[in-house]
Amino acid sequence: MKPEIVLLKAIYEPTMAALEKDFTVHKAYAVDNPLAYMKQHCAKVRAAISTTTTEVNREHFAALPRLELLACYGPYYTLIDLAAARERNIAVTCTPDSTAEPVADLAMGMIVAVMRRLCEADRFVRSGAWPSRVFASGVEVRGKTCGILGMGRIGREIAQRAVSFGMSVCYYGPRRKDDVAYHYFNDLETMARTTDCLIVACALTPATRNLVDARILAALGSKGFLVNVARGAIVDEPALITALENKTIAGAALDVFVDEPRVPAALMSMDNVVLAPHMGTSTHEVRVGRSEKLLADVRAHFAGLPLRYAVSQQYT
(Lines give C-alpha, C1' and ligand atoms only; values in the text may rest on other atoms or scores of the structure.)
Protein backbone atom coordinates (compact mmCIF):
# COMPACT_ATOMS: atom_id res chain seq x y z
CA MET A 1 0.00 0.00 0.00
CA LYS A 2 1.33 3.44 -0.96
CA PRO A 3 2.41 5.81 1.85
CA GLU A 4 0.05 8.75 2.32
CA ILE A 5 1.10 12.38 1.85
CA VAL A 6 -0.81 15.66 1.72
CA LEU A 7 -0.40 18.66 -0.57
CA LEU A 8 -1.11 21.93 1.24
CA LYS A 9 -0.99 23.88 -2.03
CA ALA A 10 -0.94 22.98 -5.70
CA ILE A 11 2.55 22.82 -7.19
CA TYR A 12 4.08 22.11 -10.61
CA GLU A 13 1.78 19.59 -12.32
CA PRO A 14 4.50 17.15 -13.43
CA THR A 15 5.74 17.09 -9.82
CA MET A 16 2.27 16.28 -8.52
CA ALA A 17 1.95 13.55 -11.15
CA ALA A 18 5.27 12.05 -10.04
CA LEU A 19 4.14 12.09 -6.41
CA GLU A 20 0.89 10.35 -7.30
CA LYS A 21 2.84 7.46 -8.84
CA ASP A 22 4.61 6.73 -5.57
CA PHE A 23 2.15 7.94 -2.93
CA THR A 24 -1.50 8.29 -2.05
CA VAL A 25 -1.86 12.06 -2.35
CA HIS A 26 -4.42 14.07 -0.39
CA LYS A 27 -5.11 17.52 -1.89
CA ALA A 28 -6.03 19.67 1.08
CA TYR A 29 -5.75 22.87 -0.96
CA ALA A 30 -8.69 21.81 -3.13
CA VAL A 31 -11.31 21.98 -0.33
CA ASP A 32 -12.92 24.91 1.44
CA ASN A 33 -11.59 23.97 4.89
CA PRO A 34 -8.15 22.31 4.58
CA LEU A 35 -7.67 21.91 8.34
CA ALA A 36 -10.98 20.15 8.78
CA TYR A 37 -10.20 17.94 5.80
CA MET A 38 -6.81 16.94 7.23
CA LYS A 39 -8.30 16.15 10.62
CA GLN A 40 -10.87 13.89 9.00
CA HIS A 41 -8.87 12.23 6.19
CA CYS A 42 -5.15 12.51 6.92
CA ALA A 43 -4.58 10.49 10.09
CA LYS A 44 -2.11 8.24 8.23
CA VAL A 45 -0.26 11.01 6.40
CA ARG A 46 3.49 10.90 7.00
CA ALA A 47 4.66 13.74 4.73
CA ALA A 48 3.26 17.12 3.74
CA ILE A 49 4.21 19.35 0.81
CA SER A 50 4.05 23.12 1.23
CA THR A 51 5.34 26.14 -0.75
CA THR A 52 7.13 29.37 0.07
CA THR A 53 3.80 31.20 0.23
CA THR A 54 2.02 28.62 2.38
CA GLU A 55 1.76 29.17 6.12
CA VAL A 56 2.27 26.00 8.16
CA ASN A 57 1.67 26.36 11.88
CA ARG A 58 0.85 24.33 14.98
CA GLU A 59 -2.73 23.78 13.83
CA HIS A 60 -1.51 22.05 10.69
CA PHE A 61 0.86 19.85 12.66
CA ALA A 62 -1.90 18.99 15.14
CA ALA A 63 -4.15 17.92 12.26
CA LEU A 64 -1.47 15.50 11.06
CA PRO A 65 -0.66 13.24 14.04
CA ARG A 66 1.72 10.93 12.11
CA LEU A 67 3.57 13.63 10.19
CA GLU A 68 7.30 12.96 9.83
CA LEU A 69 8.35 15.27 6.99
CA LEU A 70 7.38 18.72 5.75
CA ALA A 71 8.88 19.39 2.32
CA CYS A 72 8.71 22.96 1.03
CA TYR A 73 8.58 23.45 -2.73
CA GLY A 74 10.75 26.55 -2.89
CA PRO A 75 13.83 28.02 -1.22
CA TYR A 76 12.13 30.05 1.51
CA TYR A 77 10.48 28.58 4.60
CA THR A 78 9.78 31.71 6.65
CA LEU A 79 6.07 30.83 6.89
CA ILE A 80 6.79 27.47 8.51
CA ASP A 81 6.70 27.29 12.31
CA LEU A 82 10.07 25.62 12.73
CA ALA A 83 9.82 25.58 16.52
CA ALA A 84 6.58 23.61 16.33
CA ALA A 85 8.17 21.23 13.83
CA ARG A 86 11.10 20.69 16.16
CA GLU A 87 8.81 19.89 19.08
CA ARG A 88 7.21 17.15 16.98
CA ASN A 89 10.55 15.97 15.57
CA ILE A 90 9.28 16.70 12.07
CA ALA A 91 12.01 17.04 9.45
CA VAL A 92 11.75 20.12 7.22
CA THR A 93 13.27 20.42 3.76
CA CYS A 94 13.31 23.08 1.05
CA THR A 95 14.54 23.38 -2.54
CA PRO A 96 17.35 25.97 -2.53
CA ASP A 97 17.89 27.86 -5.76
CA SER A 98 18.54 31.35 -7.11
CA THR A 99 15.33 33.28 -7.66
CA ALA A 100 16.92 36.68 -8.27
CA GLU A 101 17.52 36.35 -12.00
CA PRO A 102 14.07 35.14 -13.14
CA VAL A 103 12.29 37.60 -10.84
CA ALA A 104 14.42 40.45 -12.18
CA ASP A 105 13.67 39.36 -15.76
CA LEU A 106 9.96 39.52 -15.00
CA ALA A 107 10.31 42.90 -13.26
CA MET A 108 12.03 44.38 -16.30
CA GLY A 109 9.39 42.90 -18.57
CA MET A 110 6.66 44.42 -16.40
CA ILE A 111 8.37 47.82 -16.47
CA VAL A 112 8.33 47.75 -20.26
CA ALA A 113 4.79 46.31 -20.39
CA VAL A 114 3.18 48.93 -18.18
CA MET A 115 5.11 51.93 -19.51
CA ARG A 116 4.70 50.99 -23.19
CA ARG A 117 1.12 49.75 -22.61
CA LEU A 118 1.80 46.35 -24.14
CA CYS A 119 -1.19 44.57 -22.60
CA GLU A 120 -3.49 47.37 -23.72
CA ALA A 121 -1.96 47.17 -27.20
CA ASP A 122 -2.59 43.44 -27.34
CA ARG A 123 -6.25 43.93 -26.43
CA PHE A 124 -6.49 46.77 -28.97
CA VAL A 125 -5.26 44.58 -31.83
CA ARG A 126 -7.34 41.55 -30.81
CA SER A 127 -10.50 43.69 -30.64
CA GLY A 128 -10.15 44.62 -34.32
CA ALA A 129 -9.85 48.32 -33.50
CA TRP A 130 -6.54 48.92 -35.27
CA PRO A 131 -7.93 49.55 -38.80
CA SER A 132 -10.16 52.37 -37.56
CA ARG A 133 -8.28 53.93 -34.63
CA VAL A 134 -4.79 54.99 -33.59
CA PHE A 135 -3.53 53.31 -30.43
CA ALA A 136 -2.65 55.73 -27.61
CA SER A 137 1.11 56.00 -27.07
CA GLY A 138 3.01 54.77 -24.06
CA VAL A 139 6.15 56.37 -22.68
CA GLU A 140 9.76 55.45 -23.29
CA VAL A 141 11.69 53.47 -20.71
CA ARG A 142 15.00 54.97 -21.81
CA GLY A 143 15.97 58.07 -19.89
CA LYS A 144 13.61 57.42 -16.98
CA THR A 145 14.48 56.89 -13.32
CA CYS A 146 13.95 53.50 -11.73
CA GLY A 147 13.60 53.63 -7.95
CA ILE A 148 14.07 50.25 -6.30
CA LEU A 149 12.61 49.50 -2.88
CA GLY A 150 15.03 46.87 -1.54
CA MET A 151 18.56 46.51 -2.89
CA GLY A 152 19.06 42.84 -2.09
CA ARG A 153 19.95 40.19 -4.65
CA ILE A 154 16.75 40.71 -6.63
CA GLY A 155 17.05 44.49 -6.44
CA ARG A 156 20.61 44.37 -7.75
CA GLU A 157 19.61 42.17 -10.67
CA ILE A 158 16.73 44.53 -11.52
CA ALA A 159 19.13 47.49 -11.35
CA GLN A 160 21.51 45.88 -13.85
CA ARG A 161 18.69 45.29 -16.29
CA ALA A 162 17.26 48.79 -15.84
CA VAL A 163 20.66 50.35 -16.56
CA SER A 164 20.97 48.28 -19.73
CA PHE A 165 17.66 49.80 -20.86
CA GLY A 166 19.05 53.30 -20.40
CA MET A 167 17.38 54.02 -17.06
CA SER A 168 19.04 55.70 -14.12
CA VAL A 169 18.75 53.80 -10.84
CA CYS A 170 18.31 54.81 -7.22
CA TYR A 171 17.25 52.78 -4.21
CA TYR A 172 15.74 52.90 -0.74
CA GLY A 173 16.31 50.52 2.15
CA PRO A 174 16.95 50.51 5.87
CA ARG A 175 20.62 51.30 5.27
CA ARG A 176 23.04 52.26 2.53
CA LYS A 177 24.84 49.37 0.82
CA ASP A 178 28.58 50.01 0.90
CA ASP A 179 29.16 48.04 -2.29
CA VAL A 180 26.36 49.68 -4.32
CA ALA A 181 27.12 52.79 -6.36
CA TYR A 182 23.52 53.76 -7.16
CA HIS A 183 22.13 56.83 -5.41
CA TYR A 184 20.71 55.96 -2.00
CA PHE A 185 17.67 57.55 -0.36
CA ASN A 186 17.02 57.13 3.34
CA ASP A 187 13.41 58.26 2.87
CA LEU A 188 11.03 56.39 0.58
CA GLU A 189 8.70 59.33 -0.01
CA THR A 190 11.59 61.49 -1.17
CA MET A 191 12.76 58.78 -3.56
CA ALA A 192 9.24 58.30 -4.92
CA ARG A 193 9.09 62.00 -5.84
CA THR A 194 12.18 61.61 -8.04
CA THR A 195 11.17 58.28 -9.59
CA ASP A 196 9.36 57.47 -12.81
CA CYS A 197 8.95 53.80 -11.95
CA LEU A 198 8.96 52.48 -8.36
CA ILE A 199 9.88 48.80 -8.12
CA VAL A 200 8.98 46.85 -4.97
CA ALA A 201 11.65 44.19 -4.43
CA CYS A 202 12.03 43.92 -0.65
CA ALA A 203 11.02 41.24 1.82
CA LEU A 204 7.68 41.37 3.63
CA THR A 205 8.33 42.17 7.30
CA PRO A 206 6.34 44.00 9.96
CA ALA A 207 8.29 47.13 8.97
CA THR A 208 7.47 46.82 5.25
CA ARG A 209 3.81 45.79 5.49
CA ASN A 210 1.76 48.51 3.74
CA LEU A 211 4.95 50.54 3.36
CA VAL A 212 3.83 51.73 -0.07
CA ASP A 213 0.74 53.59 1.05
CA ALA A 214 -1.31 56.55 -0.18
CA ARG A 215 1.44 58.98 0.81
CA ILE A 216 4.09 57.16 -1.24
CA LEU A 217 1.75 56.77 -4.21
CA ALA A 218 0.95 60.49 -4.14
CA ALA A 219 4.66 61.23 -4.13
CA LEU A 220 5.15 58.92 -7.14
CA GLY A 221 2.69 61.13 -8.98
CA SER A 222 0.46 61.12 -12.01
CA LYS A 223 3.28 60.20 -14.41
CA GLY A 224 4.72 57.49 -12.19
CA PHE A 225 4.36 53.71 -12.39
CA LEU A 226 4.44 51.05 -9.68
CA VAL A 227 5.80 47.53 -10.22
CA ASN A 228 5.50 44.93 -7.45
CA VAL A 229 7.36 41.61 -7.76
CA ALA A 230 7.87 41.09 -4.00
CA ARG A 231 4.81 40.50 -1.80
CA GLY A 232 1.33 41.94 -2.15
CA ALA A 233 1.06 43.14 1.43
CA ILE A 234 3.99 45.55 1.04
CA VAL A 235 1.60 47.74 -0.94
CA ASP A 236 -1.56 49.11 0.65
CA GLU A 237 -3.89 47.53 -1.91
CA PRO A 238 -7.00 49.69 -1.27
CA ALA A 239 -4.80 52.80 -1.46
CA LEU A 240 -3.34 51.56 -4.75
CA ILE A 241 -6.80 50.97 -6.22
CA THR A 242 -7.84 54.48 -5.22
CA ALA A 243 -4.66 55.95 -6.68
CA LEU A 244 -5.24 54.16 -9.99
CA GLU A 245 -8.91 55.11 -10.14
CA ASN A 246 -8.10 58.75 -9.42
CA LYS A 247 -5.08 58.74 -11.76
CA THR A 248 -2.87 59.70 -8.85
CA ILE A 249 -0.35 57.40 -10.57
CA ALA A 250 -0.15 56.46 -14.24
CA GLY A 251 -0.28 52.70 -13.90
CA ALA A 252 0.84 49.56 -12.11
CA ALA A 253 2.23 46.14 -12.93
CA LEU A 254 1.58 43.53 -10.25
CA ASP A 255 2.81 39.97 -9.90
CA VAL A 256 1.67 39.67 -6.28
CA PHE A 257 -1.47 40.45 -4.31
CA VAL A 258 -2.62 40.59 -0.72
CA ASP A 259 -5.03 37.66 -0.90
CA GLU A 260 -3.67 35.48 -3.69
CA PRO A 261 -5.04 33.99 -5.85
CA ARG A 262 -7.99 36.31 -5.32
CA VAL A 263 -7.39 39.60 -7.15
CA PRO A 264 -9.65 42.61 -6.48
CA ALA A 265 -12.18 43.07 -9.26
CA ALA A 266 -11.29 46.74 -9.44
CA LEU A 267 -7.75 45.91 -10.51
CA MET A 268 -8.94 43.44 -13.14
CA SER A 269 -11.17 46.07 -14.71
CA MET A 270 -8.44 48.68 -15.20
CA ASP A 271 -6.67 49.12 -18.54
CA ASN A 272 -3.61 50.74 -16.97
CA VAL A 273 -2.79 47.71 -14.81
CA VAL A 274 -0.70 44.70 -15.85
CA LEU A 275 -1.54 41.56 -13.86
CA ALA A 276 0.43 38.32 -13.47
CA PRO A 277 -0.25 35.20 -11.34
CA HIS A 278 2.77 35.40 -9.00
CA MET A 279 5.04 33.99 -11.70
CA GLY A 280 8.39 35.55 -10.82
CA THR A 281 10.07 32.18 -10.41
CA SER A 282 7.69 30.24 -12.64
CA THR A 283 10.14 29.24 -15.32
CA HIS A 284 10.60 25.75 -16.67
CA GLU A 285 14.18 25.68 -15.43
CA VAL A 286 13.31 26.72 -11.87
CA ARG A 287 10.33 24.38 -11.58
CA VAL A 288 12.21 21.37 -12.90
CA GLY A 289 15.10 22.04 -10.51
CA ARG A 290 12.80 22.41 -7.53
CA SER A 291 10.89 19.29 -8.51
CA GLU A 292 14.04 17.19 -8.66
CA LYS A 293 15.13 18.36 -5.21
CA LEU A 294 11.72 17.92 -3.59
CA LEU A 295 11.13 14.47 -5.06
CA ALA A 296 14.63 13.34 -4.09
CA ASP A 297 14.13 14.27 -0.44
CA VAL A 298 10.58 12.88 -0.16
CA ARG A 299 11.69 9.59 -1.68
CA ALA A 300 14.82 9.53 0.48
CA HIS A 301 12.74 9.98 3.62
CA PHE A 302 10.50 7.02 2.85
CA ALA A 303 13.53 4.94 1.92
CA GLY A 304 15.22 5.72 5.22
CA LEU A 305 18.04 7.67 3.55
CA PRO A 306 19.56 11.02 4.61
CA LEU A 307 17.83 14.20 3.48
CA ARG A 308 19.94 16.33 1.18
CA TYR A 309 18.10 19.64 1.60
CA ALA A 310 17.11 19.52 5.27
CA VAL A 311 16.79 22.86 7.04
CA SER A 312 16.80 21.43 10.56
CA GLN A 313 20.03 23.28 11.31
CA GLN A 314 17.95 26.46 11.15
CA TYR A 315 15.89 25.47 14.18
CA THR A 316 16.39 27.67 17.23
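Residues numbered from 1 in each chain as written. Predicted model: local features only at pLDDT ≥ 70, side-chain atom pairs only at ≥ 80, totals over all residues. Heavy atoms only, no water.

A. Spotlight on the sheet that holds strand β9 (residues 197–200). With parallel pairing, seven strands are arranged side by side in an open sheet as β8-β7-β6-β9-β10-β11-β12. Looking at strand neighbours, the two that pair on one side only are β8 (183–185) and β12 (273–275), the edges of this open sheet. The sheet shows a mean angle of 20° between the axes of neighbouring strands, taken without regard to direction. Across three bridges, strand β11 (residues 251–254) lies against β12 in parallel orientation. Bridging from a neighbouring strand, Leu-254 pairs with Leu-275 of β12. Packing of helix α5 (residues 100–116) onto the sheet brings it into contact with β9, β10 (225–228), β11 and β12, and relative to β10 it is tilted by some 150°. On top of the sheet, helix α7 (residues 153–164) reaches β6 (145–149), β7 (168–172) and β9; it is set at about 175° to β6, its chief contact. (Pairing = 2+ DSSP bridges. Helix = DSSP H or I, 4+ residues; strand = E, 2+ residues; numbered from the N terminus. Axes fitted to C-alpha atoms, helices over the stretch in contact; angles between N-to-C directions. Contact = heavy atoms within 4.5 Å.)

B. Just the sheet that holds strand β1 (residues 4–7), in detail. A sheet is described by the order of its strands in space; here five strands give the open sequence β2-β1-β3-β4-β5, paired in parallel fashion. Looking at the sheet topology across the chains shown, the edges are occupied by β2 (24–27) and β5 (91–93). Each adjacent strand pair in this sheet contributes to an overall mean axis angle of 20°, direction not counted. Bridging between β1 and β2 involves four bridges; their strand directions are parallel. Residue pairing across strands places Val-6 opposite His-26, the latter belonging to β2. Its contacts with the sheet put helix α12 (residues 284–302) on β1, β3 (45–51), β4 (69–73) and β5, and the angle it makes with β4 is roughly 170°.

C. Molecular detail of helix α10 (residues 237–245). Three or more residues of α10 are buried, namely Glu-237, Ala-239, Leu-240, Ile-241, Ala-243 and Leu-244. Each element contacted by the buried residues of α10 is listed here: α9 (214–220), β10, β11, α11 (265–268) and β12. Directly beyond the C-terminal end of α10, a positive phi value near 60° is found at Lys-247. (Buried < 20%, exposed > 50% of the residue type's maximum accessible area, 1.4 Å probe, protein only.)

D. Molecular detail of the packing of helix α1 (residues 13–22) against α12. Between α1 and α12, the least distance of the axes is 10 Å, while the angle of their chain directions is 15°. Relative to α12, the element α1 lies roughly parallel. Crossing handedness for the pair α1 and α12: right-handed. The segment α1 lies against α12, with Thr-15, Ala-18, Leu-19 and Asp-22 engaging Ser-291, Leu-294, Leu-295, Val-298 and Arg-299. Residue composition of the contact of α1 with α12, grouped by class: five nonpolar, two polar and two charged. (Parallel < 35°, antiparallel > 145°, perpendicular 65-115°, else oblique. Left-handed = near helix turned anticlockwise from the far one by under 90°. Nonpolar A, V, L, I, M, F, W, Y, C, P; charged D, E, K, R; others polar.)

E. View of the pairing of β11. Side chains Gly-251 and Ala-253 of β11 all project onto a buried face; the interleaved residues Ala-252 and Leu-254 project onto the opposite face, where all are buried too. Examined bridge by bridge, β10 and β11 share four bridges and lie parallel to one another. Among the inter-strand pairings, Val-227 is bridged to a residue of β11, identified as Ala-253. A crossover connection joins β10 to the parallel β11 through α10; in handedness this β-α-β unit is right-handed. (Right-handed = clockwise from strand over helix to strand, strands pointing away.)

F. A look at the packing of aromatic side chains. Tallied over the full model, the rule gives three aromatic pairs. Taking 5.0 Å as the distance between ring centres and 50° as the angle between the ring planes, the aromatic pair formed by Phe-23 and Phe-302 counts as tilted. Linking Phe-23 in the loop between α1 and β2 with Phe-302 in helix α12, this pair joins segments that are 279 residues apart in sequence. You'll find Phe-23 and Phe-302 in the same group, each marked buried. Seen in terms of ring centroids, Phe-124 and Phe-135 are 5.2 Å apart; in terms of plane orientation they differ by 55°. Their pairing is tilted. With a gap of 11 residues between them, Phe-124 in helix α6 (residues 118–126) and Phe-135 in the loop between α6 and β6 connect regions that are remote in the sequence. Phe-124 sits in the buried class, given a relative accessible area of 9%. Accessibility expressed as a relative area gives 26% for Phe-135, which makes it partly exposed. Between the NZ or CZ atom of Arg-117 and the centre of the ring of Phe-135, over which it lies, the distance is 5.5 Å. (Phe/Tyr/Trp six-rings, centres within 6.5 Å; stacked < 30°, edge-to-face > 60°. Lys NZ or Arg CZ within 6 Å of the ring centre and 35° of its normal.)

G. Spotlight on the pattern of salt bridges. Across all of its chains, the model carries 16 salt bridges by this definition. In this structure, the salt-bridge partner of Asp-97 is Arg-290, at a minimum N-O distance of 2.7 Å. Linking Asp-97 in the loop between β5 and α5 with Arg-290 in helix α12, this pair joins segments that are 193 residues apart in sequence. Using a relative accessible area of 7% as the deciding quantity, one classes Arg-290 as buried. Of the charged contacts in the structure, one is a salt bridge between Glu-120 and Arg-117, with a shortest N-O distance of 2.7 Å. For Arg-117, a relative accessible area of 24% corresponds to the partly exposed category. Through salt bridges that share partners, Arg-58, Asp-81 and Glu-87 make up one connected network. (Salt bridge = Lys/Arg side-chain N within 4 Å of Asp/Glu carboxyl O.)

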